[in-house]
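Structural overview for review
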Amino acid sequence: MCYWMYGHQIMVPVPDIDRTDLLIILGGNPMASNGSLWTVPGFRHRAKALQQRGGKLVVIDPRRSETADIADSIISSVPVLMHFCCWRWCAKSSATAGSTPAICRRI
């Protein structure tokens, strides 16, 4: 996935959780992994700080996870819905950016 999105398989984005207003977790459980792939330590504290400053945490996952337990909104989806969300994001990105992101060409 990182190869398709960023051009190299070991390039991993660092999210700006400390300044975001809306965090959407799509099929992940950073409460269990402590945000290990994101290189964001202390996810539990950062998520609580997000909510304290008025931000929202939304989890889209067919499974009830530890992250879903602390989320403001939970969308218990089926895998087809997750695929549709990704496809819709790609269509929206293509329309606004004028070109299709590399990851969208693979879906």
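Residues numbered from 1 in each chain as written. Predicted model: local features only at pLDDT ≥ 70, side-chain atom pairs only at ≥ 80, totals over all residues. Heavy atoms only, no water.

**Quick notes on the pattern of salt bridges**
Here is the rule: Should a side-chain nitrogen of Lys or Arg be within 4 Å of a carboxyl oxygen of Asp or Glu, the pair is scored as a salt bridge. Numbering of helices and strands starts at the N terminus; helices are DSSP runs of H or I of at least 4 residues and strands are runs of E of at least 2. Relative accessibility decides the category of a residue: with a 1.4 Å probe and only protein chains considered, values under 20% of the type maximum give buried, values over 50% give exposed, and everything between is partly exposed.
On inspection of all chains with the given rule, the structure shows 3 salt bridges. The partner of Arg-46 in a salt bridge is Asp-18, and the shortest N-O contact between them spans 2.6 Å. Of this pair, Arg-46 sits in helix α3 (residues 43-52) while Asp-18 sits in the loop between α1 (2-6) and β1 (22-26), and the two are 28 residues apart along the sequence. Arg-46 gets classed as partly exposed once you look at its relative accessible area, which sits at 24%. Across the pair Arg-64 and Asp-69 runs a salt bridge whose closest N-O atoms are separated by 2.9 Å.

**Looking at the sheet that holds β1**
Our working definition: Two strands are said to pair when DSSP picks up at least two bridges between them. Interaxial angles span 0 to 180 degrees and are taken between N-to-C directions of axes, which are lines fitted to C-alpha atoms, for helices over the stretch in contact.
Strand order across the open sheet formed by 3 strands is β1-β2-β3, with parallel pairing between neighbours. Looking at the sheet topology across the chains shown, the edges are occupied by β1 and β3 (73-75). Geometrically, the sheet is characterised by an average inter-axis angle of 15° between neighbouring strands, direction not taken into account. Sheet topology note: the β1/strand β2 (residues 56-60) ladder contains 5 bridges and is parallel.

**Section: the nonpolar core**
The line we're drawing: Think of a nonpolar core as a cluster: buried Ala, Val, Leu, Ile, Met, Phe, Trp, Tyr and Cys residues, connected wherever their side-chain atoms sit within 4.5 Å. Whether two residues are in contact is decided by their heavy atoms, any of which lying within 4.5 Å being enough.
Within the largest apolar cluster, 12 residues are counted, these being Ile-17, Leu-23, Ile-25, Met-31, Val-40, Phe-43, Ala-47, Leu-50, Leu-57, Val-59, Ala-68 and Ala-71. The set of elements that each furnish at least two residues to this core consists of β1, α3 and β2. In terms of residues, this core owes the most to one element, α3, which gives 3 residues. Excluding residues that lie within four positions of it along the chain, Ile-17 makes contacts with Leu-23, Trp-38, Val-40, Phe-43, Arg-46 and Arg-53.

**Re α3**
Our working definition: By definition, the arc is the one covered by directions from the helix axis to the C-beta atoms.
For α3, the set of buried residues is Phe-43, Ala-47 and Leu-50. Seen end-on, α3 carries its buried residues on one side only, within an arc spanning 55°. Exposed and facing more than 90 degrees away from the buried side of α3 are His-45 and Gln-52. Those residues of α3 that are buried lie in contact with β1, α2 (30-33), β2 and α4 (66-70). At the exit of α3 stands Gly-54, carrying a positive phi of roughly 95°.

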